[in-house]
Structure formats: C-alpha cells, structure tokens
Amino acid sequence: MRRAIFLVPFLFALVLPWQAHAQRIGLSNLVVDNQEGRVKVRYGVDIKAVDAVSEALQAGDTLALECKARLSRKRDYAWNTQVAEAEAISRLTLHEGGPFEIHLPVGRQERYRGRDLALVMKEAWGAMTLDLGSWESLERGGSYSLTLEIRMVRQDVSAWLKGVLFFWNFDAVPPVKYQLDFSY
C-alpha cells in the first residue's frame, strides 16, 4: 500500500508537463472554402507561451512560425492520397533595444511592429490564409482530410546540427497538429 501512495505523485508529476505543452499554441476559426476557384484555408494562430517566445528572442534567437497544410483524399482501406499542400513561414525578431517585428510570408508583404509581443503576434497571426490550389482538384462527393501543423522554430540552428542532434527539439514552442475531416 505504501508503494502505491508514493507511486501516485510520481505518475502525476510525469503527466503534468505533457499537458502543459499541449496548450501553448492555439488555433481559431479553421475554415476550408472556395475563394475565386481556389481552395483556401483560413485560420488564426494564438501563441499562449508568450514568455517562452520572449525569452528566446531576448537570448538573441530569430524565430519563425511555420504553418504547413496538407489536403488529402480520404480512403477507407488504404493510405490517404495527397491532393495539395502549402507552407507559410513568418519571421519574428527583436530589434536591438527596440520593438518586436513580424515579417509575414511573401504573398502578403506585411510587417507588424510593436513593444507588446502578445499584441503583435495577435495582430499578425490572428487571421492567416493558405492557398492549396485549384478547387477543381476536389471531386464532388469525396471525403477529404486537412492536416495543419504549426510550429515555432529557431531559424539560427544549422542543418548539420539538427541532423547530428536529431533527437533534440529545437522548437521554441512545442509543435501542434490539427486535423479537419470534411466532405465536398
């Protein structure tokens, strides 16, 4: 009986850190729709780990928000068939003695600057869009699955170091993956 009593706090301590990591990146308003004959994914990203991002920036790191979307046709007895994919990368930097700045992906050519990191991230990443190609690539009556992976990475880490230390996580905030299944 005594062993069981000592085992419970140990197991509780192991489970709590995993639950805390799961809530660091939030997603809002995930929508797949047809805009001018194109498959568009609209969503908002909410970074809840503002302190972790701020600490990484204060340490001199350049961070990037990577959003990868993959659209697949669902199949019952085999692997899903990929229809389209897209990626957007936004850079986040801290200027020396100055404000935080976010450079949005090439298509938007926008920059957001400010001294309040949470506000700058909300303004820049509160409404994002990814283009997944022509709407004609979807078949009427088909079932589809959209997978959206969001991660906050350190851009200053070299590729060879990532390769050598493949078991080490270089993300500033743990990545999250969302899936949306729908029929057309």
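Predicted, not measured: the structure shown is a model, and the values here were computed from it.

Student: I'm lost on the overall build of the protein chain in this one. Help?
Tutor: Looking only at helices and strands, one finds 4 helices and 9 strands in the protein chain. Each helix (α) and strand (β) of the protein chain, taken in turn from the N terminus, gives the series α-β-β-α-β-β-β-β-α-β-β-α-β. In the protein chain, which comprises 184 residues, the share counted as buried stands at 37%. In the protein chain, the proportion of contacts linking residues at least 24 apart, taken out of those at least 6 apart, comes to 61%. Looking at the protein chain as shown, the accessible area adds up to about 11800 Å², and 53% of this sits on carbon and sulfur atoms.

Student: What is the right way to look at the sheet that holds strand β8 (residues 143-154) in this model?
Tutor: Whenever strands of a sheet pair, they do so through backbone hydrogen bonds, lying parallel or antiparallel. Spatial ordering of the open sheet is given by β6-β5-β4-β3-β8-β9, a layout of 6 strands whose pairing is antiparallel. Two strands in the sheet have a free side with no partner beyond their single neighbour: β6 (111-114) and β9 (171-183). With direction set aside, neighbouring strand axes in the sheet form an average angle of 15°. In the sheet, strand β3 (residues 63-73) pairs with strand β4 (residues 81-94) via 11 bridges, with the strands oriented antiparallel. Each residue of the ladder has a partner; that of Leu71, found in β4, is Ala84. Those strands touched by helix α2 (residues 50-58) are β3, β4, β5 (100-103), β8 and β9, and its axis lies near 60° from that of β4.

Student: How should I be thinking about the pairing of β3 in this particular structure?
Tutor: Sheet faces and side chains relate simply in a regular strand, where the side chains alternate between the two faces. Buried residues dominate β3, accounting for 8 of its 11 residues. Relative to β8, β3 runs antiparallel, the two sharing 11 bridges. Opposite Arg70, over in β8, you have Thr147 as the bridge partner.

Student: Honestly, the pattern of salt bridges in this entry has me stumped. Any pointers?
Tutor: Under the counting rule described, the total for this entry stands at 10 salt bridges. A salt bridge links Arg154 to Asp61; the nearest nitrogen and oxygen atoms lie 2.8 Å apart. Highlighted residues: Arg154 in strand β8 and Asp61 in the loop between α2 and β3, separated in sequence by 93 residues. Among the residues examined, Arg154 registers a relative accessible area of 24% and is labelled partly exposed. In this structure, Arg151 engages Glu149 in a salt bridge whose closest nitrogen and oxygen atoms are separated by 2.9 Å. For Arg151, a relative accessible area of 22% translates into the label partly exposed. Shared partners join several salt bridges into a network, and the residues in it are Arg38, Lys40 and Asp131.

Student: Just checking my understanding: could you explain the side chain of Glu66 for this structure?
Tutor: Structurally, the position occupied by Glu66 is in strand β3. Despite being buried, Glu66 has no salt bridge partner; Lys68 is the closest side chain of opposite charge, sitting 4.3 Å away. Those residues in contact with Glu66 that lie beyond four places of it in its chain are Glu87, Ala88, Ile89, Glu149, Ile150, Arg151 and Val153.

Student: Before we go on, may I ask you to explain α2 in this structure?
Tutor: Two residues of an α-helix separated by three or four positions point the same way, owing to the 3.6 residues in each turn. Every buried residue belonging to α2 is among Val53, Ala56 and Leu57, and all of these are buried. Take α2 and look down its axis: the buried residues cluster within an arc of 100°, on one side only. More than 90 degrees from the buried face of α2, the exposed residues found are Asp51, Glu55 and Gln58. Once α2 finishes, Gly60 follows within two positions and takes phi at roughly 100°, a positive value.

Rules used throughout
Residues numbered from 1 in each chain as written. Predicted model: local features only at pLDDT ≥ 70, side-chain atom pairs only at ≥ 80, totals over all residues. Heavy atoms only, no water. Helix = DSSP H or I, 4+ residues; strand = E, 2+ residues; numbered from the N terminus. Buried < 20%, exposed > 50% of the residue type's maximum accessible area, 1.4 Å probe, protein only. Contact = heavy atoms within 4.5 Å. Areas by Shrake-Rupley, 256 points an atom, 1.4 Å probe, with all protein chains shown as cover. Pairing = 2+ DSSP bridges. Axes fitted to C-alpha atoms, helices over the stretch in contact; angles between N-to-C directions. Salt bridge = Lys/Arg side-chain N within 4 Å of Asp/Glu carboxyl O. Lys, Arg positive; Asp, Glu negative; His and termini not counted. Arc of directions from axis to C-beta.

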